[in-house]
Each structure stands twice: as C-alpha cells, then as structure tokens.
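The residues making up each chain are set out below.
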Amino acid sequence: VRPIRSFLYAPGNRERLIEKAPQAGADAVMFDLADSVPVAEKEKARTLVAAALQDLAGAELFVKLNDADGGRIADDIDAVAVGGLRGVLLPKVGDPEIVQALDAALTRLEAERGLGQGRIEIILLLETAASIVRAYDLASASPRVVSVCCGTAEGGDLSRSLGSAWSLDGPERTYLRGRVLLAARAAGIAWPIDGVYTNLEDQRGLEVEATLARRVGIRGKLAIHPKQIPAINRIFSPTEEELSWSRRVRDAASDAGAAFTVDGVTLGAAAVARADATLAQAAAYSR
Amino acid sequence: MRPTRSLLLVPALRPDILDDPRAASADAVVFDLAEALPSEARRRGQENARERRGREPTRPCWIRAPAFYVEGDVDAVGPIAGVIVSGTQSAEEVARVDHAIAASESRHSLPPGSIEIIVELDTARAVFFADRMASAAARVGTLCFNGSEHGALQGDLACDWSIDGPELMFSRQYALVAARAADMDYPLDGPFARIDDLDGLKRDTEVSRKLGYRGRIVLDPKQIEAVNRIYSPTAEEVAYHQRVLATLETAIAQGHASVTLDGKMIDYAHAATARAVIDQARAWGIAP
C-alpha cells in the first residue's frame, strides 16, 4: 500500500462535493461526518457518504467520524462500515479505551458484513492536551491504528485545549510535534500526518507549514480545498536531490556491511534502508 | 561512569587507526563489534580488541556490541570498562544483557558490577523508553544518544538532518533529560559523521554541550582535539564560577544567601552549579 501524501476533506452532506472529491488529485478522500456537517443533517450525511463509498469503490476513501463524546459514533460506523471504506479518522481522542471500543465495534461489523477482518484502518486526530500526553498509548491501542494526525491548525481544538497561540513556524508546535512523532514511531506508526492549513488564500503559508512538517518526519497532510493538493503532493514526494542521493548510496554501498562515504558523510546500513525506501516511494507515486 | 569527553570508535577489524598519534588524546577507546559480522570475522575482531586492550594501560577500553553478542564478546575480549550496547529498545533487553555480563564476570572472577553498560539510543522506541532502560540495571553508567546523519534514528523518524534544526532536537533533549533524571553525570552524544568537516563538528559539539551532553563518540582521531576542548569548561567559566563561590561565601558569612554578581542574582543553586563546573574542570586538569 503506498503512503498517502494528501487527504481532501469533503463535507458529508454536500452531494456535489462528495462526487467531485475523488477527481481533485488527492491520494485519498476524507468524507466528513463531523464538524462540517450541521447537527440536523448528520443522518443525511451518513446516507450520502455510505452511497458514495459503494459508488466510488477503488479510490482511497476515509471517513471522519464524530467524536466519541457526542453519542453519534455508533450510528456513524454502522452507516459507513462497507466495502469501499479504507479507514476512519477518530477526532478528539484522549483515551485508549475509546480506540479499543472502536476497534471492537469495527470487528463486529466486519464479521456481520463479510468484510475482511481487521481491514478498516483507524487514524487518530490528536487535538487535546490529553492526546499529546497519551500519544504512545493511543497509537498502540489497536493494530488498526495506521496513522496519527497532530491537529495543529490555527484556532483549532488543540491550541484551545493548551491555551497556546499559533504561528506559522513558531515554537508553539515544537514540543507537540516532537513528542507525537517520537511516540508514534515508537509505537510503529509508519506515516504520521499533519492537520489542515486553514488559510485558503495563503498558498505560501501552506508550503512553509508542509515543508517544515516534512523535514521533521511527517509523511502527508489533510487538505480542505483542491487547490491545496498540488503543493502537498509535491512537498511530500521525494525530491530530485533525494533521489540522486539514494542512487549514489546504492552505488557506494555494494561492499556488504562495511561503512562507506557519500558526500563526505560516513554511512552504514541505515542509509541504505533510507535510500531504498525513498526509491520505492518515488516509484509508487509515479505509477 | 567516569568522566569521558571523547570515545574513539575503533573498527575491530581495522584497529590501526589507534596508531595515529592523535588517537592518544581520546579519553576512552571503543572497539566496535556492532556489525553482525560473520563468525570468523567476529573472532578476528575480538582478537584485535583483546590485543589492543592489552596495550592500553591507562585508558578505559570499551566494546560496542549488539545485545545478542555481548556475552561472547566480553568473554573473548577480557576485562574491559564496559559495553556500549547497540540496538536495544526495552528495559527487559537491558536486564538480559546485565545478566549475561554478570555471568561473564563470574566466569572470569571479576568483581560483580565492574563491567559497565552504556545504552545506545538509535531508534524512536529506544529514545521513547530511555528512562526505563537507564534504570533497568545498576551497571548502566550512562546513555548514548545516537542521532547521527543518515543513521538509524534519522531513518526511523524519516526526518531530515541538520546541526541545530528541529528534526532531532526533541529526541536529543528527551534522551538527555532521561539520562540526567537517572542521575547520570556523563550523558553521551553520538558521532558526527562528516569526518572532514571540522567546522561542522565544532558547531554540532557546541550544540551538544549546551544541551547538556558531556561527551561523544568520535569516528576519527582528527575529531578528538575539538571534542575534548568543547566538552571541557573554559578558563573563563572556571574563573567566573570561582568568583560565584567566593562571593556567595562572603555573603553568607554576612547573613545573606542571595546576592548579585555582575548584575545577576546568585544563590545556593548557583553555588551548586559552580561546584559542578569546577569539579568537571578538575577532572580534566583545568582547575586546581
């Protein structure tokens, strides 16, 4: 399965946006049942999204569930646990037991509906102070958890939960991202992703944020508008420079096991693994 | 853990870098057996380490080995200061290495606990659980954070690398706090992999020291001089901290435990810091 660089949000109650989303160039679509859907339209959204999951099968389709506190999550998954669903995004999660309960509910639905066992993935949206503290326990709560998303959006739930300010590349996120990425990798999460960039008119800001995210080890990003997709896909793909380095590492490393030098840097097996992963990733994206 | 600024990593199959005159300045020597060498090559590496250890009457000699090989390597190399254990990720693994070393000590009639462990942190999981690994066995003398360029930790985090950028800064500080929280006075940093870039080495080692590290692995004899210098207190620092102690002593004699020096408030905490710096300077023969 190739890692997903970009997820495009589509509000679950907006039929046209749902239909158009898979053509926007994103690696995956995230149908939203949560905050972008008015309370009165939750049921309509479930119906529309369930239909889209059947019709659009083949695309990488995810659904953002309502949070566990609102009492809507059981109806959400009952509607969307169908064949076309690759995974769900669970927002505002701070308690590993919630993840385990979601895992158990998905297991039941997969069995009842003849879906592959354990196939539906879970992505955790970490956007409360508790979720940062418990990032490792959350990420290791279920084998379905394939990714975590640090919800660092301007004015979002996390900055409210912490009482912190927001700036594009300021210090507010240093600890949050550092802790979440270390915990996620310690729990075996291979592709942590980044939250949304809310200012649709500020393309440069989007690129600065995504570039910084990529530097520290984040592998993809949520998008709220199709126009954000090209920059996100580009920034989270291997660069020409990285590909060239990877090929040179491959060439220099023929002598099994021993240390070798590329660009004046003493390298070993870890560099070869990184080079192989980079080349494989580029091949996957070019298909 | 005895004070150590520079640990020269010597490939066990190519120990001749010890013949470089500059190698004599390293505070410690580490024979590197960390690669999963074929058994014949491993035996040669062990023999080299044993032979070279015999020619080191004063310096601590360590080996670097993966957990699985520690017992056999210690048996083969003989009495050493300790083992830098690479690739461990949990307190349970460290405890197993502890038992293996204890068994080897007993076979060789060495005092129990005489061989130390340095836990090398080179995966996200190891860094994340650093505090538990630090307290997994009494013989763990310190932690060594290995965030080297294109090394295993950078690969694990899939991040970029820079000297003072954000990519590994969190992990580098997290590991430091874990070591210090376990009362380790000599937290160690990993190698700087650009051997010919001495300016880069200096900048990186200055960052390391400011963060709180007190020594690091060196890959080449030409890296030792700068590393020893940067991890040592400067003469100015020693002079300043001697003034801190003298000023506070006078103040306390007059009934004040808080006073200003050069416009800055100092109290008992600053006296403790001053003593730590001066102790360190004494260890390196810089202060009387």
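Reading the values: the criteria
- Residues numbered from 1 in each chain as written.
- Chains lettered and ligands numbered in written order.
- Predicted model: local features only at pLDDT ≥ 70, side-chain atom pairs only at ≥ 80, totals over all residues.
- Heavy atoms only, no water.
- Helix = DSSP H or I, 4+ residues; strand = E, 2+ residues; numbered from the N terminus.
- Rg over C-alpha atoms; globule rule 2.2 N^0.38 Å.
- Buried < 20%, exposed > 50% of the residue type's maximum accessible area, 1.4 Å probe, protein only.
- Contact = heavy atoms within 4.5 Å.
- Axes fitted to C-alpha atoms, helices over the stretch in contact; angles between N-to-C directions.
- Parallel < 35°, antiparallel > 145°, perpendicular 65-115°, else oblique.
- Left-handed = near helix turned anticlockwise from the far one by under 90°.
- Nonpolar A, V, L, I, M, F, W, Y, C, P; charged D, E, K, R; others polar.
- 1 Å grid on protein atoms, 1.4 Å probe; cavity = no way out; pocket = protein on both sides within 12 Å on 5 of 7 lines; lining within 4 Å.
- Points joined across faces, edges and corners; volume = space filled by probe spheres on them.
- Pairing = 2+ DSSP bridges.
- Buried area = accessible area lost by both parts, 1.4 Å probe.
- Salt bridge = Lys/Arg side-chain N within 4 Å of Asp/Glu carboxyl O.
- Polar contact = N/O pair within 3.5 Å; in protein donor to acceptor, adjacent residues only side chain to side chain.

A. Inspection of the overall build of chain B at higher detail. The helix and strand inventory of chain B stands at 11 helices and 10 strands. For a compact globule of 288 residues, the expected C-alpha radius of gyration is about 19 Å, and chain B comes in at 20 Å, within 12% of that figure. Principal-axis analysis of the C-alpha atoms gives chain B an extent of 70 × 45 × 40 Å. Buried positions account for 55% of the 288 residues belonging to chain B. For chain B, long-range pairs separated by at least 24 residues make up 66% of all intrachain contacts whose partners lie at least 6 apart in sequence.

B. Representation of the packing of helix α2 (residues 42–55) of chain A against helix α3 (residues 73–80) of chain A. All names here are of chain A. The N-to-C vectors of α2 and α3 enclose an angle of 30°; their axes lie 8 Å apart at closest approach. Put simply, α2 runs roughly parallel to α3. Note that α2 runs across α3; the crossing there is right-handed. Residues R46, V49, A50 and L53 of α2 form the contact with α3, whose own contacting residues are D75, D76, A79 and V80. Among the residues making up the contact of α2 with α3, the classes are represented as 5 nonpolar, no polar and 3 charged.

C. Expanded view of empty space enclosed by the protein. Residue and element names in this part refer to chain B. In total, this model carries 3 cavities of 30 Å³ or more according to the counting rule given. Considered as a void within the structure, the largest cavity measures approximately 150 Å³ in volume. Along the wall of the largest cavity there are 15 residues; nearest its centre are G147, W161, L168, R172 and D204. Considered class by class, the residues forming the lining of the largest cavity number 6 nonpolar, 5 polar and 4 charged.

D. Spotlight on the sheet that holds strand β8 (residues 215–218) of chain B. Within the closed barrel, the 8 strands sit side by side as β1-β2-β3-β4-β5-β6-β7-β8 (chain B). Their pairing is parallel. Helix-sheet contacts for helix α2 (residues 70–77) of chain B involve β3 (61–66) and β4 (82–86) of chain B, and the interaxial angle to β3 of chain B is about 150°.

E. The arrangement of the interface of chain A and chain B in detail. In this assembly, 25 residues from chain A lie in contact with 28 residues from chain B. Interface area lost by chain A to chain B is led by L182, R215 and R274 of chain A, which between them contribute 30%. Run the count over chain A and chain B and you get 2 salt bridges. Linking R185 of chain A and D156 of chain B is a salt bridge whose minimum nitrogen-to-oxygen distance equals 2.5 Å. Linking chain A with chain B are 7 residue pairs in polar contact (both at pLDDT 80 or more). Only α8 (174–186), α9 (203–216), α11 (240–252), β10 (265–267) and α12 (269–286) of chain A provide two or more residues apiece to the side of chain A that touches chain B. Ranked by residues supplied to the side of chain A that touches chain B, first place goes to α8 of chain A with 8 residues. Among the residues making up the side of chain A that touches chain B, the classes are represented as 13 nonpolar, 5 polar and 7 charged.

F. Region of interest: the packing of helix α1 (residues 39–54) of chain B against α2 of chain B. Residue and element names in this part refer to chain B. Relative to each other, α1 and α2 sit at 45°, their axes nearing to 8 Å. In this view, α1 runs oblique relative to α2, as classed from their interaxial angle. Two packed elements cross with a definite hand, and for α1 against α2 that hand is right-handed. Residue-level inspection shows R42, Q46, A49, R50 and R53 of α1 in contact with α2, the latter providing G72, D73, A76 and V77. Residues belonging to the contact of α1 with α2 are distributed by class as follows: 3 nonpolar, 2 polar and 4 charged.

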